[in-house]
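# Structural characterization, general
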Amino acid sequence: LTVLGYSVAAALTAGLGVVPQAVNGVLPRRMMGWSTALAAGLMLGVAYSLLDQGLGDALWQGGAGALVGLAVVHLAHMGTGTEDLDLQRTEEHDPAYGYQVVLVSSLHAAYEGVAIGAAMLLSLPFGISMAVTLAVHNVPEAMLLTAVVRGRGMSLPGATLLAVATNLNQVLLALVTFALGQAVPALLPWAVGFGAGALLQLLL
């Protein structure tokens, strides 16, 4: 229930990403830059904390899991044609671009869900701190997503719901990772490594 509650809360915070546009009407480019930097910094912090707290003596399992995470993210982006996608082209009117941004946001949320589930397996206080960090991260990430869809005429309520919806798989992956880790404890260093590797690949 703790994993469910905090992962749901993290997903819901993405809805706050529409607030700057509700206030200003348009997301300033400078704010977009700062929001991207903030999201990247928080993601880097989560990845480092996972590796620092979670590997212990299981270095080779965690390292192998990290390599798997790196590979999965790379292949997923290659397979969807989003490996070089610029998430700040809010003036782009190509319909395919909007779908790609939504897809990328959803993929990112899935990897973050693995990180939350792995952190909760290490300890609930640590997992809660990671969930809160990713909840804060979801806000600037959603600012970019909602700026793109708002530029295509979507309403504020619609953009808010879409931002939350793209993070729902974060909840699912957090629960699945936690459940698998409890059932098979040997998977924990692999899950920790995978979550950290996936988040680091997103920054490359």
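Residues numbered from 1 in each chain as written. Predicted model: local features only at pLDDT ≥ 70, side-chain atom pairs only at ≥ 80, totals over all residues. Heavy atoms only, no water.

## Considering the nonpolar core
Ranked by internal contacts, the top residues of the largest apolar core, which has 30 residues, are V46, L50, Y111 and L199. At the level of secondary structure, the elements contributing two or more residues to this core comprise α3 (29-54), α5 (95-122), α6 (124-150), α8 (168-183) and α9 (188-203). A per-element tally of this core places α5 first, with nine residues. When near neighbours in sequence (up to four residues on either side) are disregarded, Y111 contacts V72, V73, A76, A198, L199 and L202. Counting residues in each nonpolar core, the second largest holds 10 residues, with A14, V18, V148 and A159 among its members. (Core = buried A, V, L, I, M, F, W, Y, C linked by side-chain atoms within 4.5 Å. Buried < 20%, exposed > 50% of the residue type's maximum accessible area, 1.4 Å probe, protein only. Helix = DSSP H or I, 4+ residues; strand = E, 2+ residues; numbered from the N terminus. Contact = heavy atoms within 4.5 Å.)

## Topic: the packing of helix α1 (residues 2-13) against α8
One can describe the packing of α1 onto α8 by two numbers: an axis separation of 8 Å at closest approach and a directional angle of 155°. With respect to each other, α1 and α8 are oriented roughly antiparallel. Of the two elements, α1 crosses α8, and the hand of that crossing is right-handed. Every residue of α8 that contacts α1 at V3, L4, S7, V8, A10 and A11 is listed here: Q170, V171, A174, L175 and F178. Looking at the contact of α1 with α8 residue by residue, the classes come out as nine nonpolar, two polar and no charged. (Axes fitted to C-alpha atoms, helices over the stretch in contact; angles between N-to-C directions. Parallel < 35°, antiparallel > 145°, perpendicular 65-115°, else oblique. Left-handed = near helix turned anticlockwise from the far one by under 90°. Nonpolar A, V, L, I, M, F, W, Y, C, P; charged D, E, K, R; others polar.)

## Observations regarding the side chain of S7
The residue S7 is located in helix α1 in this model. When near neighbours in sequence (up to four residues on either side) are disregarded, S7 contacts Q170, V171 and A174.

## Remarks on α3
Along its 26 residues, α3 runs 37 Å from first to last C-alpha, staying within 8% of the 38 Å computed at 1.5 Å per residue. Inspection of α3 places M32, S35, A39, M43, V46, A47, S49, L50 and G54 among the buried residues, and these make up the whole buried set. Phi turns positive one or two residues past the end of α3, at G56, with a value near 60°. (Expected span 1.5 Å × (residues − 1).)

## Describing a nonpolar patch on the surface
A contiguous nonpolar patch, built from W60, V68, V72, L172, V176, L180, V184, L187 and W190 and spanning about 780 Å² of accessible area, is present on the exposed surface. Listing elements by their share of the nonpolar patch, those giving two or more residues are α4 (59-80) and α8. Summarising the element assignment, L180 is placed in helix α8. The class of L180 is partly exposed, set by a relative accessible area of 46%. (Patch = residues over 30% accessible without salt bridge, like charges linked within 9 Å, V, L, I, M, F, W, Y side chains within 5 Å. Areas by Shrake-Rupley, 256 points an atom, 1.4 Å probe, with all protein chains shown as cover. Salt bridge = Lys/Arg side-chain N within 4 Å of Asp/Glu carboxyl O.)

Any functional reading would require information beyond the geometric quantities listed.
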